[in-house]
Amino acid sequence: MKIAQIAPLFESVPPKFYGGTERVVHYLTEELVRQGHEVTLFASGDSTTNARLIATVDRSLRLDPSCRDPLAHQVIQMKKVVDMASGFDILHFHTDFLHFPMTSLLKPPCVTTLHGRLDIPDLQPLYDAFPRENVVAISESQKRPVPQAHWLGTVYHGLPESLHHRGDGNGGYWAFLGRISPEKGVDRAIEIALSAKIRLKIAAKVDKSDALYFKEKISPLLEHPLVEFIGEINEPQKTDFLGKATGLLFPIDWAEPFGMVMIEAMACGTPVLAFDNGSVPEVIEEGVSGMIVHSIAEAVHAVPGVAALPRGAVRHAFEKRFTASRMAGNYVRLYYKVLRNSFGKSTFTDLGNGFAASFSGSNS
């Protein structure tokens with residue numbers, strides 16, 4: 001199958017540091033190539049891929065100090081996609097809704113994975129206006145604010161099985177990994193750590209938009225000897241950081257659409273202590289890969305139980321549900337579903353063998 005993957009330009013694919021969407025696009029693209037598909041990736045020029053790379057900018061926009069208006073470059077990228085669209089069987093967008101006005105004019109069918117939050121009032125009229133866009137959720141929780149959208153299904157994120165390995169959890173600390181912002185709950189993580197008298201290491205990015213929050217609300221909390229802030233880390237560093245951690249604290253205060261850090265921790269055999277928000281109940285198997293709580297007091301009480309969970313079982317839970325091969329397989333089934341709906345069954349003789357045997361609809 002000839003597949004186009006269209007990524008945002010803000011980060012490279014994969015990102016050099018923090019960047020959830022671009023990282024998922026990378027894992028999906030590489031796995032589709034491995035499975036024998038002909039994949040073209042539309043992304044920034046500093047991306048690394050085994051697919052054909054089409055770049056409209058030389059470097060990711062976040063790392064380009066000369067970039068004043070990122071949207072201008074995204075529009076140029078969309079023009080390039082339109083110009084090349086006839087050469088693909090399917091177009092898979094990861095660029096929110098920027099492309100919606102043009103997809104109905106393109107011959108190949110289009111699929112869009114929505115990676116962000118949808119509980120924003122402005123999105124209600126948007127999905128009312130585009131009721132036929134083929135959209136994919138990354139969790140069942142993510143769908144709820146916009147039930148009127150044309151949902152093809154839900155596909156959970158996945159990681160390459162060999163990306164991380166099971167660690168021993170012998171570092172003597174708990175981990176917080178992600179981004180410093182109010183909804184991510186790093187202040188809660190610190191409160192849990194201090195109340196439970198456990199060491200906490202925080203590996204997190206601070207965006208410009210959250211710099212004041214970090215300075216005024218979080219920075220004073222970092223002075224406690226049990227708390228260590230190590231800043232943003234890259235992908236290879238995650239294996240060591242998470243693998244040595246006793247557990248991951250994920251005390252989010254919002255409807256997280258997925259939460260990649262949870263499955264990254266699971267891939268390292270590290271159990272997760274998470275608040276019951278967003279996708280958490282879909283990702284964490286209670287008492288297997290972690291525990292789900294509703295308050296700081298519950299979290300403090302749960303610390304010993306989470307620490308005692310067998311790390312082998314945590315890693316197995318990852319392998320069973322959240323690998324890149326499983327994710328790619330689920331997307332391929334959705335691609336075939338869209339193609340069948342668009343062109344009828346006769347088209348599949350040209351797209352690959354074994355369709356009748358393999359197609360079973362969306363499967364998360």
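To be clear, the structure that these remarks concern was listed above.
Keep in mind the model is a prediction, meaning the values are calculated, not measured.

Visitor: What is the right way to read the environment of M291 from this model?
Guide: Among the structural elements, M291 can be located in strand 13 (residues 290-293). Between the alpha carbons of M291 and Y127 there is a distance of 35 Å; along the sequence they are 164 residues apart.

Visitor: Explanation requested: the pattern of salt bridges in the structure shown.
Guide: Between side chains of opposite charge, a pair can form when the charged atoms approach closely. Scanning the model with the defined rule gives 18 salt bridges in all. Note that R179 is salt-bridged to D210, the shortest N-O span being 3.9 Å. Of this pair, R179 sits in strand 8 (residues 174-179) while D210 sits in the loop between strand 9 (200-205) and helix 7 (211-218), and the two are 31 residues apart along the sequence. Like D210, R179 is buried. A salt bridge links E285 to K320, with the shortest nitrogen-to-oxygen separation between them at 3.8 Å. In this pair, E285 sits in the loop between helix 10 (280-283) and strand 13 while K320 sits in helix 12 (residues 311-321), placing the two residues 35 residues apart along the sequence. The partly exposed category is assigned to K320, whose relative accessible area is 45%. Within this structure, R23, E235, K238 and E264 form a network of salt bridges that share partners.

Visitor: Help me understand the environment of H150, please; the structure alone is not making it clear to me.
Guide: Here H150 shows up in the loop between helix 5 (140-143) and strand 7 (151-154). By relative accessible area, which is 35% here, H150 ends up partly exposed. Separated by 15 residues in the primary sequence, H150 and V135 place their C-alpha atoms 6.0 Å from one another. For H150, the contacting residues outside a window of four places in its chain are P131, R132, E133, N134 and V135. There is a polar contact of 3.1 Å between the side chain of H150 and the side chain of N134.

Visitor: Sorry, what's going on with helix 12 here?
Guide: A turn of α-helix holds 3.6 residues, and therefore any two residues three or four places apart point the same way. Taken together, the buried positions of helix 12 are R311, V314, R315, A317, F318 and R321. Viewed along the axis of helix 12, the buried residues span an arc of 150 degrees, placing them on a single side of the element.

Visitor: Is there a simple way to explain unusual backbone geometry in this structure?
Guide: Negative phi values dominate among residues other than glycine, just as trans dominates among peptide bonds. P14 follows V13 through a cis peptide bond whose omega is -5 degrees. The topology assignment puts P14 in the loop between strand 1 (2-6) and helix 1 (20-34). Here the phi dihedral of D96 falls at roughly 55 degrees; this positive angle occurs in a residue that is not glycine. Residue placement: D96 occurs in the loop between strand 4 (90-93) and helix 3 (100-103). Take D96: its relative accessible area is 42%, and that puts it in the partly exposed class. For K197, which is not glycine, the phi dihedral falls at a positive 60 degrees. Along the chain, K197 falls in the loop between helix 6 (186-196) and strand 9.

Visitor: Looking at this structure, how should I read helix 9 (residues 260-267)?
Guide: Judged by how many residues are buried, helix 9 sits mostly within the fold: 8 of 8 residues are covered. Along helix 9, the residues that are buried comprise M260, V261, M262, I263, E264, A265, M266 and A267. Once helix 9 ends, the next one or two residues include G269, with phi positive near 75 degrees.

Visitor: Just to check I follow, could you spell out the nonpolar core for this structure?
Guide: Looking at soluble globular proteins, one finds that nonpolar side chains tend to be buried together. Core analysis: the largest hydrophobic core is formed by 62 residues, its most contacted members being M266 and Y335. It is helix 13 (residues 324-343) that contributes the most residues to this core, 10 residues altogether. When residues no more than four places from it in sequence are discounted, the contact partners of Y335 are M1, I3, Q5, L28, L32, I90, H92 and V111. Among the nonpolar cores identified, the runner-up in size contains 26 residues, and I190, V227, F275 and V306 belong to it.

Visitor: What should I look at first to understand the packing of helix 9 against helix 12 in this one?
Guide: Direction vectors running N to C along helix 9 and helix 12 enclose 125 degrees, while the axes themselves pass 7 Å from each other. Accordingly, the angle class assigned to the pair helix 9 and helix 12 is oblique. Of the residues in helix 12, those touching helix 9 at I263, M266 and A267 are V314, R315, A317 and F318. The class makeup of the residues in the contact of helix 9 with helix 12 is 6 nonpolar, no polar and 1 charged.

Parameters at a glance
- Residues numbered from 1 in each chain as written.
- Predicted model: local features only at pLDDT ≥ 70, side-chain atom pairs only at ≥ 80, totals over all residues.
- Heavy atoms only, no water.
- Helix = DSSP H or I, 4+ residues; strand = E, 2+ residues; numbered from the N terminus.
- Salt bridge = Lys/Arg side-chain N within 4 Å of Asp/Glu carboxyl O.
- Buried < 20%, exposed > 50% of the residue type's maximum accessible area, 1.4 Å probe, protein only.
- Contact = heavy atoms within 4.5 Å.
- Polar contact = N/O pair within 3.5 Å; in protein donor to acceptor, adjacent residues only side chain to side chain.
- Arc of directions from axis to C-beta.
- Core = buried A, V, L, I, M, F, W, Y, C linked by side-chain atoms within 4.5 Å.
- Axes fitted to C-alpha atoms, helices over the stretch in contact; angles between N-to-C directions.
- Parallel < 35°, antiparallel > 145°, perpendicular 65-115°, else oblique.
- Nonpolar A, V, L, I, M, F, W, Y, C, P; charged D, E, K, R; others polar.

These figures come from the coordinates and say nothing about function on their own.
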